[in-house]
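These are the residues of each chain, in order.
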Amino acid sequence: MSGLRYVYAVCRPFGTPLSAQLTGIAGVPPKQLTHHGLVAVVGHVPEEDFAERPLRAHLEDLDWLGATARAHQNVIDALTVVTSPLPLRLATVFLDDSGVRTMMEQREDAFLRTLDRLDGRVEWGVKVYAESPEASESTESREASETTESSENPDSRPAPSPAKPVSGRDYLRQRRGQHRAHEEKWERAEEFSRRLHETLSGYAEETRIHAPQNAVLSRAPGRNVLNAAYLVPRSESEAFVELVDRTKDDSPGLRVELTGPWAAYSFSGEDS
């Protein structure tokens, strides 16, 4: 089959076959390319999309990039069921099988060391979110608006007398109080996250603290206080998940989100 070679991951040889229905990018089933004690999982991709110039343009197309990333992840997820893959970065492409084997030859020692470290382990992600001050203020404003509308309804009880106007000094005092309340809320969230991370680290062989997610990009409600990854032996994963589940209701106003198990992207040394 013609086309470029897209490399999803490198792993050790594995006995369990991948599903015959598994497809990757461009709807092409991945195949195994063996070199010494390593296996590259590759797929054929069209030059009109993955040659250097069109690929550069595609990487600016969020729709194309999202579809490609999902197809890439579909193959990685299937590999994670049967082995501990070392996922390569998105859009790792070579001209032919010979180019893939040359890459494996050049990086063989590093690949083997990393695969030894990742063998029998998976990555779990844990995020902690706290409601943002803006959301709280929006809720308060909405409740105040609903109260005003109710008071103006003739079927409701008579509206109370207008409140005394707030002075500038009182207004500043209220704002300082709100600011202190917000600061105390974030401090509690950060302390909860610190304790949670320390506890979860006891079940993990390695950990990574990532930068908080951008709310605009993630579209997740609230402020991301903790964004961490944990490299956990498969044998300890059930206990790890149960521990996270037990913490979810420990602190009102905070949301704990667990994702995984994933291939060990955060611990692979690859820019994926």
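Cut-offs applied
- Residues numbered from 1 in each chain as written.
- Predicted model: local features only at pLDDT ≥ 70, side-chain atom pairs only at ≥ 80, totals over all residues.
- Heavy atoms only, no water.
- 1 Å grid on protein atoms, 1.4 Å probe; cavity = no way out; pocket = protein on both sides within 12 Å on 5 of 7 lines; lining within 4 Å.
- Points joined across faces, edges and corners; volume = space filled by probe spheres on them.
- Nonpolar A, V, L, I, M, F, W, Y, C, P; charged D, E, K, R; others polar.
- Phe/Tyr/Trp six-rings, centres within 6.5 Å; stacked < 30°, edge-to-face > 60°.
- Helix = DSSP H or I, 4+ residues; strand = E, 2+ residues; numbered from the N terminus.
- Buried < 20%, exposed > 50% of the residue type's maximum accessible area, 1.4 Å probe, protein only.
- Contact = heavy atoms within 4.5 Å.
- Salt bridge = Lys/Arg side-chain N within 4 Å of Asp/Glu carboxyl O.

## Things to note about empty space enclosed by the protein
If you walk through the whole model with that rule in mind, you get one cavity of 30 Å³ or more. Here the largest cavity is characterised by a volume of approximately 30 Å³. In terms of lining, the largest cavity is formed by Thr80, Ser84, Pro85, Leu118, Arg121, Trp262, Ala263 and Ala264. Here the residues of the lining of the largest cavity are counted per class, giving five nonpolar, two polar and one charged.

## Considering the packing of aromatic side chains
According to the stated counting rule, one finds five aromatic pairs in the structure shown. Arranged with centres 5.5 Å apart and planes meeting at 50°, the rings of Tyr230 and Phe240 form a pair that is tilted. You can see Tyr230 sitting in strand β8 (residues 223-233) and its partner Phe240 sitting in helix α9 (residues 237-247), a full 10 residues away along the chain. Like Tyr230, the residue Phe240 is buried in the burial classification.

## What to know about the environment of Val244
With respect to the helices and strands, Val244 occurs in helix α9. Distance from Val244 to Leu200, taken between C-alpha atoms, is 7.8 Å for residues 44 residues apart in sequence. In contact with Val244, not counting residues within four places along its chain, are Val126, Leu200, Val256 and Leu258.

## A look at the pattern of salt bridges
Close approach of charged atoms allows side chains of opposite charge to pair. Taken as a whole and assessed by the stated rule, the structure comprises 10 salt bridges. A salt bridge links Glu206 to Arg117; the shortest N-O distance between them is 3.0 Å. On the criterion of sequence distance, the pair formed by Glu206 in strand β7 (residues 206-209) and Arg117 in helix α5 (residues 108-118) is long-range, its members being 89 residues apart. Classification of Glu206 as partly exposed rests on a relative accessible area of 21%. When its relative accessible area of 30% is taken as the criterion, Arg117 is described as partly exposed. Across the salt bridge formed by Arg208 and Glu206, the nearest N and O atoms sit 3.4 Å from each other. Overall, the relative accessible area of 32% leaves Arg208 in the partly exposed class.

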